[in-house]
Amino acid sequence: MSDELNYVLQARRDKIAALEALGVAPFAYGFDRRNVAAECVGLLGEAGEGPEVQLAGRVVAWRAHGKTTFAHLGDASGRVQLYLKKDVVGEASYELDLGDVIGVRGPLFRTRTGEVTVKVEHLELLAKSLRPLPFGKEEVVDGVVVRHSAFADGEQRSRQRYADLAVHPEVRALFTARSRMTAAVRGFMDGLGYLEVETPVLQPLYGGAAAKPFITHHNALDMPLYLRIADELYLKRLVIGGFDRVYEIGHDFRNEGIDRTHNPEFTMLEFYEAYADYTVMMARVEALLIAAATAVRDALAATGLATDAPAFDPAVLQGPFARMEWLPSLSSALRVADVTAMTDTELRTAAEHAGVHGLANLSRPKLMDELFQHHVESKIDRPTFVVDYPKELSPLAKPKRGNPALTERFELFAKGRELANAFSELNDPIDQRQRFEAQARLKAAGDEEASGVDEDYLRAMEYGMPPMGGVGVGIDRLFMYLTGTAHIRDVILFPTMRPE
RNA sequence: GACCCGGUAGCUCAGUCGGUAGAGCAUGCGGCUUUUAACCGCCAGGUCGUGGGUUCGAUUCCCACCCGGGUCACCA
């Protein structure tokens, strides 16, 4: 059915015409707001009648009783009940719809049932709602809000986030918590003397990760540009330039499938610190996670949301987090003395038992990685650092001092998922050139995820790159973890979706 | 990409073993000056995801496609 013919929409449009005939402007220019809903309870205190308040917000509940009406006004702070009398506010202002944006003025009082209420003496329509918001009905049973006929279609809630937010205060609270978390992350980095920088989103060459890029075209330069898949190579250029500690929080773009943990654009925190090795970065990540968890806990504590999530777990809020070494923990999980001593056949058999797919094409290191994911990673619940990865699995990390078969790399896992990935960064331009060339050969052979040789980056390295530690943290996934959110689309305001 | 589940009124859903569909809420009208899922009465509202097939007849059965969700694969 077309929207234009919809009887509900038509009724609202008819009301606008009626209002205009009565001299009421349906869309205002502003309002002198002097109070917010949440402060009304405190302003009234224990009294039966209280001071005059002046509030603006949306009509979120409406109970008309003839010439009198009880309604609720919702704003960013919460909601407060309104009491309207037709003979007081006037006929033109009395007939409102759920969803209308209004401004009201009047004294506070307490109703027979004890609820703090604004006795509305003056009412202004600020914006007429022409389309019904999908409000459900709410009741409170044993202190818990129960919704009836709620706006529950996850797809529509993501597509029309404005409507989702408008009718679900807890969704606003969740995204507020996300904002507090990134603010805390910035505060943490700034406090350590890190400089927040911005590097190009549009790049002539992409690199820093293995992923398929989005490709676009610049008309005036008549050349292809890629949306970045990582910030890494530009941030390291800045360390070469003398910014010892830099970080960036921004979007990376990867041209891959969409599922509950993948959105084509996502928020990444990367930070690089000169003269620090991976042990220093591990301490940074630990403190960062605690700062993020604390911010999320503080933001959600007052709302009662997700109180059983990791952000409320004392072990997450305090640290220190467990450490485990890659090879010994895998050996132990497989109940062998040394996993590297296993034959290929033994590894394959073990992988088969673990249910690994596509065994035939897997190299020995990949087999071990699959086994590690199945037997170790997936069983990690509380934040745990996994350290010292085999060299074959970590082409961007420096070899481990004293054991060149391993690298100085760690990942942080929790609830079976990766939260952070970090290395002592490679700073040898000759080695780096060889690795780029290997990538370029893969790319030439058709590997869409391989990158090319970044000559400009090599030139930067050749000037002399200080040793440094680097970390990447997926902000969406970190927030999902801390709040116990299952879908990435529920922590992204406007997730990527097919057009309707 | 494979398999499974779903798409019916503005919202949440039911239903039709094949005979062009119902409820609650919302909307409209009437009543109601302390209610809070307000209440009472009446009315209206749907090309049952799209296209094709079988059939006298398809929202229902079959096929294809679109959209969404789930599981798996992919995503160092």
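Just so you know, these numbers come straight off a predicted model, no measurement behind them.

### Looking at the pairing of strand 14 (residues 265-274)
Piece 1. With 9 of 10 residues buried, strand 14 lies mostly within the body of the structure.
Piece 2. Strand direction decides the pairing type here: strand 13 (residues 245-253) and strand 14, joined by 9 bridges, are antiparallel. What sits directly across from Phe253, in strand 14, is Glu265.
Piece 3. Where strand 14 lies against strand 21 (residues 468-474), 7 bridges are found, and the strand directions are antiparallel. Opposite Leu269, over in strand 21, you have Val473 as the bridge partner.

### Observations concerning the packing of helix 11 (residues 326-334) against helix 13 (residues 364-375)
Piece 1. Between helix 11 and helix 13, whose axes approach to 10 Å, the crossing angle comes to 70°. Here helix 11 lies roughly perpendicular to helix 13, going by the angle between them. Helix-helix and strand crossings are classified by hand; for helix 11 and helix 13 the assignment is left-handed. When helix 11 is examined against helix 13, the residues Trp326, Leu327, Ser329, Leu330, Ala333 and Leu334 are found in contact with a partner set consisting of Met368, Asp369, Leu371, Phe372 and His375.
Piece 2. A per-class count over the contact of helix 11 with helix 13 returns 8 nonpolar, 2 polar and 1 charged.

### Some details on helix 15 (residues 455-462)
Piece 1. Three or more residues of helix 15 are buried, namely Tyr457, Leu458, Ala460 and Met461. Considered in projection along helix 15, the buried side chains sweep an arc of 155° and stay on one side of the axis.
Piece 2. Close packing links the buried residues of helix 15 with helix 8 (232-240) and helix 14 (429-444).
Piece 3. Residue Gly464 follows helix 15 closely and has a positive phi angle near 115°.

### Quick look at the nonpolar core
It is characteristic of soluble globular proteins that their nonpolar side chains tend to be buried jointly.
Piece 1. Counting residues in hydrophobic clusters, the biggest one holds 47 residues, and the most contacted among them are Leu269, Phe271, Phe410 and Leu482.
Piece 2. Not counting the four nearest positions on each side in its chain, Leu482 is found in contact with Met181, Ala292, Ala293, Val296, Ala309, Pro310, Ala311 and Val316.

### Overview of the protein's contact with RNA strand B
Piece 1. Surrounding RNA strand B, one finds 47 residues, the nearest of these being Thr113, Ala210, Arg260, His262 and His487.
Piece 2. When the atoms of RNA strand B within 4 Å of the protein are sorted by group, sugar and phosphate make up 58%.
Piece 3. Between a sugar or linking oxygen of RNA strand B and a side-chain N or O atom of His65, the distance comes to 3.4 Å.
Piece 4. The contact in question runs from a sugar or linking oxygen of RNA strand B to an N or O atom on the side chain of Glu155, over 3.3 Å.
Piece 5. Mapped onto the surface near RNA strand B, the elements with two or more residues apiece are helix 1 (7-21), strand 1 (49-65), strand 2 (68-75), strand 3 (78-85), strand 7 (137-141) and helix 5 (154-159).
Piece 6. Counting residues per element, the surface near RNA strand B draws most heavily on helix 1, at 4 residues.
Piece 7. Residue classes in the surface near RNA strand B are distributed as 13 nonpolar, 13 polar and 21 charged.

### Notes on the domain arrangement of chain A
Piece 1. When the domains of chain A are assigned, the result is domain 1 (3-132) and domain 2 (171-321 + 382-491).
Piece 2. Computed from C-alpha atoms alone, the centre-to-centre distance between domain 1 and domain 2 is 47 Å.

### Brief notes about the packing of helix 12 (residues 344-353) against helix 13
Piece 1. For the pair helix 12 and helix 13, interaxial distance at closest approach is 10 Å and the crossing angle is 35°. Here helix 12 runs over helix 13; the crossing is left-handed. Where helix 12 approaches helix 13, its residues Asp344, Leu347, Arg348, Ala350 and Ala351 are matched on the opposing element by Arg364, Leu367, Met368 and Leu371.
Piece 2. Of the residues contributing to the contact of helix 12 with helix 13, the split by class is 6 nonpolar, no polar and 3 charged.

### Structural notes on the pattern of salt bridges
Piece 1. Considering all chains together, one arrives at 35 salt bridges under this definition.
Piece 2. Taking the shortest distance from any N to any O, the salt bridge between Arg79 and Glu138 comes out at 3.8 Å. With Arg79 in strand 3 and Glu138 in strand 7, the pair connects residues that are 59 residues apart, well separated along the chain.
Piece 3. Among the salt bridges present, the one from Glu455 reaches Arg433, with a minimum N-O distance of 3.0 Å. Within this pair, whereas Glu455 is found in helix 15, its partner Arg433 is found in helix 14, the two being separated by 22 residues in sequence.
Piece 4. Of the residues examined, Arg433 reaches a relative accessible area of 27% and is grouped as partly exposed.

Each value, and the rule that gives it
- Residues numbered from 1 in each chain as written.
- Chains lettered and ligands numbered in written order.
- Predicted model: local features only at pLDDT ≥ 70, side-chain atom pairs only at ≥ 80, totals over all residues.
- Heavy atoms only, no water.
- Buried < 20%, exposed > 50% of the residue type's maximum accessible area, 1.4 Å probe, protein only.
- Helix = DSSP H or I, 4+ residues; strand = E, 2+ residues; numbered from the N terminus.
- Pairing = 2+ DSSP bridges.
- Axes fitted to C-alpha atoms, helices over the stretch in contact; angles between N-to-C directions.
- Parallel < 35°, antiparallel > 145°, perpendicular 65-115°, else oblique.
- Left-handed = near helix turned anticlockwise from the far one by under 90°.
- Contact = heavy atoms within 4.5 Å.
- Nonpolar A, V, L, I, M, F, W, Y, C, P; charged D, E, K, R; others polar.
- Arc of directions from axis to C-beta.
- Core = buried A, V, L, I, M, F, W, Y, C linked by side-chain atoms within 4.5 Å.
- Near = heavy atom within 4 Å.
- Polar contact = N/O pair within 3.5 Å; in protein donor to acceptor, adjacent residues only side chain to side chain.
- Domains from an automatic or database assignment.
- Salt bridge = Lys/Arg side-chain N within 4 Å of Asp/Glu carboxyl O.

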